[in-house]
Amino acid sequence: MEALPDNWADIQPDTIYLSISGLLVSFGIEQIKLGLKYDRKGKHLKAIEKGLVPPRGNVGLVTSQESGYDLKSKVLGKGGDACGGLRLRRFHAKFIDGILHFSGLVTEH
């Protein structure tokens, strides 16, 4: 099992990666494109690597409020700084057969 890369350009679609928190994660092609566009500094990848955290004041994965999704990435900082835009973005994922899959849903909450 490969370790989760720290750069979106090194991630292959539908490959299963192991995070340091022990989560198995995978990414669809749309998610990789969004990561390349909005997460140039890899802050969302660091959040995914960290795993589940309490919702206040932490970088990591928190519960998603989107229907059909389990977790979302959470980064801290100013939106322009953290995600290359005016608002902080969240990448949403769902568990499929024990693997946290990021298909490409992004929100600004």
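Residues numbered from 1 in each chain as written. Predicted model: local features only at pLDDT ≥ 70, side-chain atom pairs only at ≥ 80, totals over all residues. Heavy atoms only, no water.

Caption draft 1: Layout of the pattern of salt bridges. Taken as a whole, this structure holds two salt bridges when the rule is applied. Taking the shortest distance from any N to any O, the salt bridge between Glu 30 and Lys 33 comes out at 3.5 Å. Of this pair, Glu 30 and Lys 33 are both found in helix H1 (residues 29–38), three residues apart, which corresponds to roughly one turn of the helix. (Salt bridge = Lys/Arg side-chain N within 4 Å of Asp/Glu carboxyl O. Helix = DSSP H or I, 4+ residues; strand = E, 2+ residues; numbered from the N terminus.)

Caption draft 2: Just helix H2 (residues 43–50), in detail. Turning to H2, its buried residues are His 44, Leu 45, Ala 47, Ile 48 and Glu 49. Immediately downstream of H2, the backbone of Gly 51 shows phi near 90°, a positive value. (Buried < 20%, exposed > 50% of the residue type's maximum accessible area, 1.4 Å probe, protein only.)

Caption draft 3: The pairing of strand E6 (residues 90–96), seen in detail. Pairing analysis gives two bridges linking strand E5 (residues 71–74) to E6, with the strands arranged antiparallel. Bridge pairing links Leu 71 to Ala 93 in E6. Counted between consecutive antiparallel strands, the loop separating E6 from strand E7 (residues 99–107) contains two residues, among which Asp 97 sits at a positive phi close to 50°. (Pairing = 2+ DSSP bridges.)

Caption draft 4: Seen up close, the side chain of Ser 73. Mapped onto the secondary structure, Ser 73 falls in strand E5. Within polar-contact distance, the side chain of Ser 73 engages the side chain of His 44 at 2.6 Å. (Polar contact = N/O pair within 3.5 Å; in protein donor to acceptor, adjacent residues only side chain to side chain.)

Caption draft 5: The sheet that holds strand E4 (residues 60–63), seen in detail. As summarised here, the arrangement of the seven strands in space is E1-E2-E3-E7-E6-E5-E4, forming an open sheet in which the pairing is mixed. A strand with exactly one partner marks an edge of an open sheet, and here the two such strands are strand E1 (2–3) and E4. Where E4 lies against E5, four bridges are found, and the strand directions are antiparallel. Note that in E5 the partner of Thr 63 across the bridge is Leu 71. Here H1 sits on the sheet and contacts strand E3 (24–27), E6 and E7; the angle it forms with E7, its principal contact strand, is near 55°. (Contact = heavy atoms within 4.5 Å. Axes fitted to C-alpha atoms, helices over the stretch in contact; angles between N-to-C directions.)

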